[in-house]
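# Report on the structure
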Amino acid sequence: MKPGLPSPPVILDNMVLVMFVDSGMAALLPALARGRVFVSPSILDATETANSCDPVSEFMKGLARFTRLDDVLSRGRLEYRQAFLQSLAGQWEAVTPTLEELRLANELTKKETRERARLLHPELRLARVDPGGAEAAAIAISRGWTLWTDDNGTLPLIRTLYPEVTIERTCALVARAINEGLLNWVEGYALFETTFKGQLDLHTVATLVWEQGEARCVIH
């Protein structure tokens, strides 16, 4: 992005969303996005509630599950999610995909699309893209938005077929939070390595390190 130009809007998938929300660090999302973050209905449908019989959106499925659990971690995650749902005006905004974006999202979940990517890079190991991740990616592709994702299905597929899309992963977001003064090194390292990876089960090959006066991510 050229200096002086506004940052493009950000849309994120469920994996990135729940890492920050369930750790109580949701306030970092709009700070890193330099504005509101956008969430598609397959990720979070605010018309659903934890008491809905069968929540469809990924975020609300998790919230409903936590209402049935009684361990300390689940109770904390439930409280953080409920608080986040009340922050519509300050932290996130719902975005409705167009019909064309829904069609693209459907294409991104298909085996044929993964095979098209493998023709370009036969070494790729591609997992199926879940509907929520596909919807977020389709909106990013269509509108030129930044996509925040750490999904093993979405990442290689979008990077191969739509290299023009700007993607930020969870580790890169935490590193940027440190480098921009939103967190200090100790706070950021603990958030990523202890909370995200250790407590919230973020599956990633990235490690947060401090090198030459700044935080950065190393992929192993």
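Structure first, text after, so check above.
Residues numbered from 1 in each chain as written. Predicted model: local features only at pLDDT ≥ 70, side-chain atom pairs only at ≥ 80, totals over all residues. Heavy atoms only, no water.

### Some words on the side chain of Asp 22
- Residue placement: Asp 22 occurs in helix α1 (residues 14-22).
- Side-chain polar atoms of Asp 22 contact the side chain of Arg 77, separated by 2.7 Å.
- A distance of 2.8 Å separates polar atoms of two side chains, one belonging to Asp 22 and the other to Arg 81.
- Dropping the residues within four chain positions of it, Asp 22 is found in contact with Phe 66, Arg 77, Tyr 80, Arg 81 and Leu 200. (Helix = DSSP H or I, 4+ residues; strand = E, 2+ residues; numbered from the N terminus. Polar contact = N/O pair within 3.5 Å; in protein donor to acceptor, adjacent residues only side chain to side chain. Contact = heavy atoms within 4.5 Å.)

### Quick notes on the sheet that holds strand β1 (residues 10-12)
- Read across the sheet, 5 strands follow the order β3-β2-β1-β4-β5 without closing on themselves; strand pairing throughout is parallel. Each edge of the sheet is formed by a strand with only one pairing partner; in this case those strands are β3 (92-94) and β5 (167-168).
- Sheet analysis places strand β4 (residues 146-148) next to β5, joined by 2 bridges and oriented parallel. Considered in β5, the bridge of Trp 148 is made with Glu 168. (Pairing = 2+ DSSP bridges.)

### Thoughts on the pattern of salt bridges
- Enumeration according to the criterion identifies 13 salt bridges in this entry.
- Here Arg 176 and Glu 180 are joined by a salt bridge, their closest N and O atoms 3.2 Å apart.
- Residue classification places Glu 180 among the partly exposed residues on the basis of a relative accessible area of 35%.
- Measuring nitrogen to oxygen at the nearest pair gives 2.9 Å for the salt bridge that ties Glu 193 to Lys 197. (Salt bridge = Lys/Arg side-chain N within 4 Å of Asp/Glu carboxyl O. Buried < 20%, exposed > 50% of the residue type's maximum accessible area, 1.4 Å probe, protein only.)

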